[in-house]
Amino acid sequence: MNPVIAVRAATEHGTPLVVVDEETMERNLARMAELARGNAVRLRPHAKTHKSVEVARRQLAHGAAGLTVATLTEAETFAASGVDDILIAHPPVGEGKLRRLGALAGRVRRLAVALDDAGVAGRVPEKVEILWEVDTGLHRIGTPPGRASVDAVVELVRLTGPERFRGLTTHAGHAYRAKEDAERREAAAQEVVGLLETAEGLRAMGVAVRELSIGSTPTVGLHPLEGITEVRPGTYVYGDANQVALGSQRLEDCALAVAATVVSTPAPDRAVVDAGSKVLSADLRVPGMPDFGIVLERPHLHVARLSEEHAVLTADGATGLSIGDVVAIIPTHVCTTVNLNSELALVSAEGGVRWLRVDARGWR
């Protein structure tokens, strides 16, 4: 992100303003598409990061096989725009969600859900395929790799039939806890090896495993992907301060920033800007990322605190800021930042600004 782009857009449209550098975003899309092609895996990007029909279409144009989503609202929004191959990476629990899932299944060519309970799977509409979630280290949902997952999937197939079981999925989200690059690489290895070992056990039992699906921007490509069929990174499209701290993206790969104006300088070492927790994410700061973002071209500044409408910037010495100055902040977690905003300022290489809608904003 070129901070000049953010400041120029803010001058025209006011702050706080979420700005996307179109040229940087396109480089990110192309780079991940090439990584997938080079490893002979399908790319199924997680659209929860951008929640945008336009960005989804760009990902598909770069060769993505379909989309991963986190919510039914996302799935319905992208299906209405013509995306016909969708994985919902969240268990569909509750009658309301199951009704929506059934209706959605009739509108797309291919629909699957990820889950970890055979009872839940038994209630999923028949047209919906199932990926079984394997817990390879995140300890969120999923069954342990190996025997436990093999037994669970055998029971799943007994209840639902072999045709609906597509394969195995996992998410190495524990990579976000990595304090060193070696830990991130270990998480990537656990993700791949856990699925391969489980798939081997299932095939020995005569169960067909068509899909081995892994995710996570911090881990994709860090371990050989032989035997894996698809990858599901999401954050890569925009990047964020967490990815920079982890080493999975460079600062220059960050395509999204929040432009904010200095509204108060109450002390030489403290300034306040007009972008608080209602526009900047307060979520998920990884090891090595103590602040609520990175202030571009001002490395001496810390985004120390967030209130709803204010962010407090501090420095060890003088901030060097004056009232009216505009700064560009790379947020810690871009996915939640995007969901806080209904539209983003998309800036072209020529400097033109147009609005990029967050079409699938929300949480259901």
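Residues numbered from 1 in each chain as written. Predicted model: local features only at pLDDT ≥ 70, side-chain atom pairs only at ≥ 80, totals over all residues. Heavy atoms only, no water.

Student: Give a detailed account of the layout of surface pockets, specifying residues and quantitative values.
Tutor: Approximately 790 Å³ is the volume found for the largest pocket. Together, 35 residues line the largest pocket, and His46, Lys48, Ala70, Arg140 and His171 are the ones closest to its centre. Each residue belonging to the lining of the largest pocket can be placed in one class, and the counts come to 12 nonpolar, 16 polar and 7 charged. Of the voids in this model, the second largest pocket is the one considered here, and its volume is about 240 Å³. (1 Å grid on protein atoms, 1.4 Å probe; cavity = no way out; pocket = protein on both sides within 12 Å on 5 of 7 lines; lining within 4 Å. Points joined across faces, edges and corners; volume = space filled by probe spheres on them. Nonpolar A, V, L, I, M, F, W, Y, C, P; charged D, E, K, R; others polar.)

Student: Help me get a handle on the nonpolar core, residues and values and all.
Tutor: Counting residues in each nonpolar core, the largest one holds 86 residues, and the members touching the most others are Ile88, Phe165, Leu168 and Tyr238. Discounting residues that sit within four places of it in the chain, Leu168 has contacts with Leu131, Trp132, Val134, Val153, Leu195, Thr198, Ala199, Leu202, Val209, Glu211, Leu212 and Ser213. In terms of nonpolar packing, the next biggest core, distinct from the first, is built from 21 residues, Ala6, Ala9, Val19 and Tyr176 among them. (Core = buried A, V, L, I, M, F, W, Y, C linked by side-chain atoms within 4.5 Å. Buried < 20%, exposed > 50% of the residue type's maximum accessible area, 1.4 Å probe, protein only. Contact = heavy atoms within 4.5 Å.)

Student: Break down the pattern of salt bridges for me, with residues and values.
Tutor: Side chains that differ in charge, positive against negative, can pair when their charged atoms come close. Scanning all chains against the criterion turns up 29 salt bridges. Across the pair Arg166 and Glu211 runs a salt bridge whose closest N-O atoms are separated by 3.6 Å. A residue pair is termed long-range when its members are at least 10 positions apart, and Arg166 in strand E7 (residues 165-169) and Glu211 in strand E8 (residues 211-215) qualify at 45 residues. A relative accessible area of 0% means that Arg166 is categorised as buried. When its relative accessible area of 1% is taken as the criterion, Glu211 is described as buried. Here the salt bridges share partners, and the residues they tie into one network are Arg42, Arg44, Asp84, Asp85, Arg109, Arg110, Glu129, Arg166, Arg210, Glu211 and Glu230. (Salt bridge = Lys/Arg side-chain N within 4 Å of Asp/Glu carboxyl O. Helix = DSSP H or I, 4+ residues; strand = E, 2+ residues; numbered from the N terminus.)

Student: How would you summarise empty space enclosed by the protein if you had to cite specific residues and measurements?
Tutor: Rolling a probe over the atoms, with the probe sized like a water molecule, indicates the empty space that remains. Following the criterion strictly, the structure yields 1 cavity of 30 Å³ or more and no others. In this structure, the largest cavity encloses a volume near 50 Å³. Residue lining of the largest cavity: Glu133, Val134, Asp135, Thr136, Leu138, Arg140, Ile141, Thr170 and His171, and that is the complete set. Counted by class, the lining of the largest cavity contains 3 nonpolar, 3 polar and 3 charged residues.

Student: An account of the packing of helix H7 (residues 147-160) against helix H8 (residues 181-204) is needed here, citing residue identities and associated values.
Tutor: It is the contact of H7 with H8, at a shortest axis distance of 9 Å, that shows an interaxial angle of 50°. Between H7 and H8, the angle is such that the two are oblique. For the pair H7 and H8, the crossing hand works out as right-handed. Together, Ser149, Val150, Val153 and Val154 of H7 and Thr198, Gly201 and Leu202 of H8 make up the contact between the two elements. Its residues assigned to classes, the contact of H7 with H8 comprises 4 nonpolar, 3 polar and no charged. (Axes fitted to C-alpha atoms, helices over the stretch in contact; angles between N-to-C directions. Parallel < 35°, antiparallel > 145°, perpendicular 65-115°, else oblique. Left-handed = near helix turned anticlockwise from the far one by under 90°.)

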